[in-house]
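Results of the structural survey
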Amino acid sequence: MEKTEAKNRIESLRKEIAEHNRRYYVENTPIISDYAFDALLRELTQLEALYPEFITEDSPTQKVGSDLKKENSPFKQYKHLHPMLSLANTYSIEELKEFDARVRRLTDKPFTYNCELKFDGTGINLLYRNGVLIRALTRGDGASGDDVTRNIRTISSIPEKLNEGFSYPPEFEIRGEVYMPFEAFDKLNYDKILNEEQPFANPRNAAAGTLKMLDSSQVAKRGLKCVLYHLIAPDSDFELHSQTLSNAFSWGLPISEHSKKCNTIDEVVEYITSWDTKRTSLPYPTDGVVVKVDELSVQQALGYTAKTPRWAVAYKFKPEEALTKVLSIDYQVGRSGAVTPVANLEPVQLSGTTVKRATLHNAEQMQILNIRIGDYVYVEKGGEIIPKITRVELDKRPADSRQFEFPKLCPSCSTPLIKDPEQAKFFCPNSEGCLPQIEGRFLHFCSRKALDINLGEVAIDQLCQKGYIKRIEDLYSLSDLQLLSLEKWKEKSVKNFRASLQKSKEIPFGRVLYGLGIKLIGETTAKALATGFKNIDNIIEANMEALTAMEDVGPTVAQAIVDFCSNEQNLQTIAALKKAGLQFESKSQAPVSDELKGMTIMITGNYSIPRETMKLYIEAHGGKVGSSVSSSTTYLLAGTKPGDSKIAKAQKLGIPIISEEEFYAIAAGGSDPPQKESATNDDSGDDNQLKLF
Ligand code: IVH
């Protein structure tokens, strides 16, 4: 390649990589596989090696990945006792053999390999002191990481205390991977899709995102798992890495059972080949094999480069892909009116399942893929719930194929579509008259996590088609005659429906709020809003400032609430549902004590418990939560990262500023702080059928 050609290619690769990074990290919607991404990065690394004069400081090859957002991270950061490094990757047996040859050149001592699965999650570093878990840090920038101990404690396989009767180093770090098994991932994304929230792109993103949640009780519900694979205990007398792992296992730590000691590189190749197939039947995601020199003395002699150990290498599996034909493209309208293109494919086998449909996300994605009906496309399912089309086989494009045109009218009600500038999606604005949107709202309202009403998709469709129900409140005035007109409905179904309708009147406000189907408001936000604002009237009256003051409510979500509450018809629905007897007020708890009676506490910053729980705690002890710092504020309770203006105002007015610990002492006379919510398993599956898959 000529120099100018190389320069151009380097620049275009950097742009492309930056765009994929943005999609991956910012939008959470990667459009190429990790494998394809790695290939781009490798091409850039190779070109930069040939033409070092073109290396720039901001090249993606020069940056070490980091999960730290230092400025406003709600997590405390700590240094790792030893840096957390990454691994060099290989993509072929040839490259793997080069690694083996390199190691043999660098040492003349005999050695063996320990082969392990490469778990596809997010790195974690646990610190144990005298057999007790002290801290859990994310990888961060390799030197220091976020303290996610509270979240890690919700993973049951990670022991708080090591087994007794064993001797372990008085202090050690053990590294591993926190991952999300496929089942938990599918459930999480199923719920997200049902709520029209952005699903996670893959189990790895889901694991990393979950580990960084602020509310540990939510983390506990998501089914994270952990496996540990690297013990660092420099002063101990272990000789082999595999020995450190089997010892760690006996101390009670979660270690993989699939590792294997290999004497030669051919045995390593055998291990890789067998797991390349076997891994598809594992219940959790893996993306390769890690090959480590087992002898710790040889490891030490080989040492490290700036980023990676010389004694280990990762062999990355190629994601399974299949070639199939696009038969047609459907455009589906969701509850919020968003129109999603879905490709109907010639059925093809992939990772043990038959793939018939794949989402195309939006018009922009279709353009990037340059996809047409009749095209042959590659489908990939790297652990994702939704199969992804990664590229078009242009050589197989039929001569007479025509470029696609995204519909201009709603495929259901023919209303002209409008583009949401922020989401790259087209929307049907006819929310009141477009059948899939209306039906979607009923389905959501009746779902188990909302009002749990005995009414399925078919019945809803029939009731809508007959014009018996249009708005949510109509459910409460259906006559027996109308219900009996439904296919297969007898007295018993009517009775069940009526009983569930009656029960829905006892469902707490948070779930009712969720059931209203406000755009972007998932279960957790709805619950937080219900607790924070107490009743629907306070929410209707709340302005942007009051809404965004809530944890987890950003301007977009706040705007969605304001928009919903300024729509006259929505207000009518709320009034009618209120009249029908639904809960629009949070039931207040009887006070636990009156230690805070007469006090107004203003809160700012983050605490060891979620802010909403803190508010409840104050109220349960007879106190009031203030809305701004004023002369009637008794204390300003300052957590980590408190608001500067609140602190300044309190100082000006001479209001005492207290820490979380001081507060507990005041509130409970020195007794224990509130316990975190119990780690219950949320196994209430939703029985609504997903239309997409
Ligand atoms: S050993 C210094 N072993 O893969 C050695 N890493 O791409 C550090 N990973 O950062 C890592 N399974 O997060 C090791 N059995 C395994 C692994 C593993 C998954 C992850 C880890 C690492 C990344 C490198």
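Model, not experiment: these values are computed from the prediction. (Residues numbered from 1 in each chain as written. Predicted model: local features only at pLDDT ≥ 70, side-chain atom pairs only at ≥ 80, totals over all residues. Heavy atoms only, no water.)

**Details of the site of the ligand**
- By nearness alone, every residue bordering the ligand is listed as Leu85, Leu87, Glu116, Leu117, Lys118, Phe119, Glu177, Tyr229, Val290, Lys292 and Pro309.
- Take Tyr229: an N or O atom from its side chain is 3.1 Å from an oxygen atom of the ligand.
- Counting only elements with at least two residues in the shell around the ligand, the list comes to strand E3 (113-119) and strand E10 (286-293).
- Per-element accounting of the shell around the ligand gives the leading share, 4 residues, to E3.
- Considering only residue class, the shell around the ligand consists of 7 nonpolar, no polar and 4 charged. (Near = heavy atom within 4 Å. Polar contact = N/O pair within 3.5 Å; in protein donor to acceptor, adjacent residues only side chain to side chain. Helix = DSSP H or I, 4+ residues; strand = E, 2+ residues; numbered from the N terminus. Nonpolar A, V, L, I, M, F, W, Y, C, P; charged D, E, K, R; others polar.)

**Points about the sheet that holds strand E11 (residues 312-316)**
- In spatial order, the strands read E2-E11-E10-E3-E9; together these 5 strands make up an open sheet with mixed pairing. Two strands close off the open sheet at either side, each with one partner strand: strand E2 (89-90) and strand E9 (260-262).
- Inspection of the sheet shows E2 paired to E11 by 2 bridges, in the parallel sense. The residue of E11 that forms the bridge with Asn89 is Ala314. (Pairing = 2+ DSSP bridges.)

**What about the environment of Asn454?**
- Here Asn454 shows up in the loop between helix H12 (435-446) and helix H13 (457-465).
- For Asn454 and Ser500, which are 46 residues apart along the polypeptide, the C-alpha to C-alpha distance reads 6.0 Å.
- Not counting the four nearest positions on each side in its chain, Asn454 is found in contact with Trp489, Asn496, Phe497 and Ser500. (Contact = heavy atoms within 4.5 Å.)

**A few points about the confidence of the model for the protein chain**
- Averaged over every residue, the pLDDT of the protein chain is 88; the share at 70 or more is 91%.
- The low-confidence segment residues 670-693 (pLDDT under 50) makes 48 contacts with residues lying over four places distant or belonging to another chain. (pLDDT = per-residue confidence, 0-100.)

**Some details on the sheet that holds strand E4 (residues 122-129)**
- With antiparallel pairing, 4 strands are arranged side by side in an open sheet as E5-E4-E7-E8. Edge strands, defined here as strands with exactly one partner in the open sheet, are strand E5 (132-138) and strand E8 (225-232). Averaged over neighbouring strand pairs, the angle between their axes works out to 30° when direction is ignored.
- Where E4 and E5 come together, 6 bridges link them in antiparallel fashion. Bridging across to E5, Leu126 finds its partner in Ala136.
- Contacting E4, E5 and strand E7 (171-179), helix H6 (residues 203-211) crosses the sheet at an angle of about 45° to E4.
- Taken strand by strand, helix H8 (residues 241-250) contacts E7 and E8, and its axis lies near 130° from that of E8. (Axes fitted to C-alpha atoms, helices over the stretch in contact; angles between N-to-C directions.)

**Quick notes on the pattern of salt bridges**
- A complete count under the given rule lists 30 salt bridges for this structure.
- With its nearest N and O atoms 3.0 Å apart, the salt bridge here joins Glu53 to Lys3. Separated by 50 residues along the polypeptide, Glu53 in the loop between helix H2 (34-50) and strand E1 (77-79) and Lys3 in helix H1 (residues 3-27) bring together distant segments of the chain.
- Note that Arg14 and Glu48 form a salt bridge whose closest N and O atoms lie 2.7 Å from each other. You can see Arg14 sitting in helix H1 and its partner Glu48 sitting in helix H2, a full 34 residues away along the chain.
- For Glu48, a relative accessible area of 3% corresponds to the buried category.
- Each of the salt bridges in this network shares a partner with another, and the network as a whole consists of Asp38, Lys118, Asp287 and Lys316. (Salt bridge = Lys/Arg side-chain N within 4 Å of Asp/Glu carboxyl O. Buried < 20%, exposed > 50% of the residue type's maximum accessible area, 1.4 Å probe, protein only.)

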